[in-house]
Amino acid sequence: MENNLRKSFFITDENVEQYARQMATWIAEQVTAAGRRGVVLGMSGGIDCSVVACLCLMAKVDIHLIMMPYGSDMHNSKSHAHAMELIDKFNFPYHIFDIQSAVDALVIRNETYIVASSTPHRVLSLANIRPRVRMTYLYEFAQLGSRFVIGTGNMAEATVGYFTKWGDGAYDLNPLALVTKQEVYTLAKFLGIPESIQQKRPSAGLWEGQTDEDELGMTYAQIDAFILTGTSGDLAADELIRKRQEQSAHKFAAIPVFKG
């Protein structure tokens, strides 16, 4: 299985300004061509969304950052503090919607279904409600102001299908789709993203203490190497990447329809 993503460029310290400006111009062109007033971005306090927010600032498009904590989870993980550090530094307009009541209202509590399910499926079914609820808030807010929802998923995540279908995998445009995690950090340094955000361990915030690399069972550096050279340098990691690609094939495929 392949996700059909192909790189034709690589961002380095030497060319980062060129690509940052090209990406900013592309964002502005997408918004203008569609006749939108700006963009809406889900702000988790992580490096990917921080980079996209600053690219939008460079593009001079109207942008609203939306924080969507589940109760106190963003405060417990310091994500709220990191997001506010970025917001204060660049003076971004922002809004906060607590999604706890919306998420809790959607949880299936029928014991018959729960007992019949495996533990991994139960954990993920609950965890994936949050990004899907967040995406609902983003699209509602975007439509209220005739804006686009801008995505923040990078190429490393896409390579292993590490996103929630119809959750953070849903957006109207995405400047990072062909950008490796290493390149995200290069952009972050150039754009002046706060050090606290650059140094934190990446986390999707699916549950308390969750980190991307622990959940994936590999590092982003290994995934980046696989993208760029065809191997992570570790045969076991290569096999795990290929397995994840097979398991996430449905996330990239067109929806099957009966054609008679």
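The text that follows walks through the structure, step by step, so that each part is easy to find. Remember, predicted model here, so these are calculated numbers, not experimental data. Residue numbers here run from 1 along each chain, matching the order of that chain's written sequence. Since the coordinates come from a predicted model, pLDDT governs what is reported: local features require at least 70, and pairs of side-chain atoms require 80 or more to be given and counted, while whole-chain, interface and lining totals use all residues. Values reported for side chains reflect all heavy atoms of the structure, with hydrogen atoms and water molecules removed beforehand.

## Concerning the packing of aromatic side chains
Between the rings of Phe, Tyr and Trp (Trp by its six-membered ring), a pair exists once the centres lie within 6.5 Å; its type follows the angle of the planes, with under 30 degrees stacked, over 60 edge-to-face, and the other angles tilted. By the definition in use, this model includes five aromatic pairs. Between Phe-90 and Phe-92, the ring centres sit 6.0 Å apart and the planes meet at 50°, which makes this aromatic pair tilted. According to the relative accessible area criterion, Phe-92 is buried, its value standing at 4%. A centroid spacing of 5.7 Å and a plane angle of 85° characterise the contact between Phe-163 and Phe-252, whose relative ring orientation is edge-to-face. Taken together, the residues Phe-163 in the loop between α9 (155–159) and α10 (181–191) and Phe-252 in helix α15 (residues 249–252) connect sequence positions 89 residues apart. For the exposure calls, accessible area comes from a 1.4 Å probe over protein chains only, and a residue counts as buried if that area is under 20% of its type's maximum, exposed if over 50%, partly exposed in between. In this structure Phe-163 comes out as buried when scored by relative accessible area, which is 19%. Residue Phe-252 is classed as partly exposed on the basis of its relative accessible area of 30%. An aromatic cluster of three or more residues is present, and its members are Phe-97, Tyr-137 and Phe-141. Numbering of helices and strands starts at the N terminus; helices are DSSP runs of H or I of at least 4 residues and strands are runs of E of at least 2.

## Examining the packing of helix α13 (residues 220–229) against helix α14 (residues 235–247)
Between two packed helices, the angle of one axis relative to the other and the distance separating the axes together describe the packing. At a minimum axis separation of 11 Å, α13 and α14 run at an interaxial angle of 80°. The angle between α13 and α14 falls in the class roughly perpendicular. Within the contact between the two elements, α13 uses Gln-222, Ile-223 and Phe-226 and α14 uses Ala-237, Asp-238, Ile-241, Arg-242 and Gln-245. Note that Gly is not counted as nonpolar here; it falls among the polar residues with everything else outside the nonpolar set of Ala, Val, Leu, Ile, Met, Phe, Trp, Tyr, Cys and Pro and the charged set of Asp, Glu, Lys and Arg. Of the residues in the contact of α13 with α14, the class split is four nonpolar, two polar and two charged. Comment: axis = line fitted to C-alpha atoms, over the contacting stretch for helices; angle = value between 0 and 180 degrees taken between N-to-C directions. Angle categories are assigned with fixed cut-offs, so that under 35 degrees is roughly parallel, over 145 is roughly antiparallel, 65 to 115 is roughly perpendicular, and the rest are oblique. Contacts are assigned to residue pairs that have any heavy atoms within 4.5 Å of one another.

## Brief notes about the pattern of salt bridges
Each salt bridge in this description consists of a side-chain nitrogen of Lys or Arg and a carboxyl oxygen of Asp or Glu lying within 4 Å of one another. All chains considered together, the criterion is met by seven salt bridges. In this structure, Asp-214 and Arg-201 form a salt bridge, with 3.2 Å as the shortest nitrogen-oxygen distance. Remark: Arg-201 occurs in the loop between α11 (195–199) and α12 (212–216) and Asp-214 occurs in helix α12; sequence separation between them is 13 residues. It is possible to trace a salt-bridge network through shared partners that takes in Asp-73, Arg-130 and Arg-134.

## Side note on the pairing of strand β1 (residues 38–42)
Of all five residues that make up β1, four are buried, and the element is covered over most of its length. Should DSSP find at least two bridges between two strands, the strands are regarded as paired. Note: β1 against strand β2 (residues 62–67), five bridges, orientation parallel. Bridge pairing in β2 links Gly-42 to Ile-66. Taken together, the three bridges between β1 and strand β4 (residues 147–149) define a ladder with parallel strand orientation. When the sheet's bridge partners are listed, Gly-38 is paired in β4 with Arg-147.

## Section: helix α2 (residues 47–59)
One less than the residue count of a helix, multiplied by 1.5 Å, gives the span that helix is expected to have. Taking 1.5 Å per residue as the helical rise, α2 with its 13 residues ought to reach 18 Å, and the 18 Å between its terminal C-alpha atoms agrees with that figure. Of all 13 residues in α2, eleven are buried; the element is thus mostly enclosed. Turning to α2, its buried residues number three or more, namely Ile-47, Asp-48, Cys-49, Ser-50, Val-51, Val-52, Ala-53, Cys-54, Leu-55, Cys-56 and Ala-59. At the exit of α2 stands Lys-60, carrying a positive phi of roughly 60°.

## Quick look at the sheet that holds β2
With parallel pairing, the four strands of this open sheet are ordered in space as β3-β2-β1-β4. Whereas interior strands pair on both sides, the edge strands pair on one side only; in this sheet they are β3 (94–96) and β4. Neighbouring strand axes in the sheet, compared pairwise and without regard to direction, differ in orientation by 25° on average. Together, β1 and β2 form the strand contacts of α2, whose direction differs from that of β1 by roughly 165°. Here helix α4 (residues 79–90) sits on the sheet and contacts β2 and β3; the angle it forms with β2, its principal contact strand, is near 165°.

## Describing the nonpolar core
Counting 41 residues, the largest nonpolar core has Leu-41, Met-43, Val-51, Leu-176 and Leu-187 as the members making the most contacts within it. Listed by contribution, the elements that provide at least two residues to this core are α1 (16–33), β1, α2, β2, α4 and α10. Among the elements that take part in this core, α2 stands out by supplying nine residues, more than any other. Apart from residues lying up to four places away in sequence, Leu-176 is in contact with Met-23, Asp-48, Val-51, Val-52, Leu-55, Thr-152, Gly-153, Asn-154, Met-155, Val-184 and Leu-187. We define a nonpolar core as any set of buried Ala, Val, Leu, Ile, Met, Phe, Trp, Tyr and Cys residues linked to one another through side-chain atoms lying within 4.5 Å. Core analysis: the next-biggest nonpolar cluster, separate from the first, contains 14 residues, Ile-129, Phe-141, Ala-142 and Ala-170 among them.

## Let's talk about α4
Taking 1.5 Å of rise per residue, the twelve residues of α4 would be expected to cover 16 Å, and the 17 Å separating its terminal C-alpha atoms lies within 8% of that figure. Looking only at α4, the buried set comprises Ser-79, His-80, His-82, Ala-83, Met-84, Leu-86 and Ile-87. Buried residues belonging to α4 abut α2, β2, α3 (73–76), β3 and α11.

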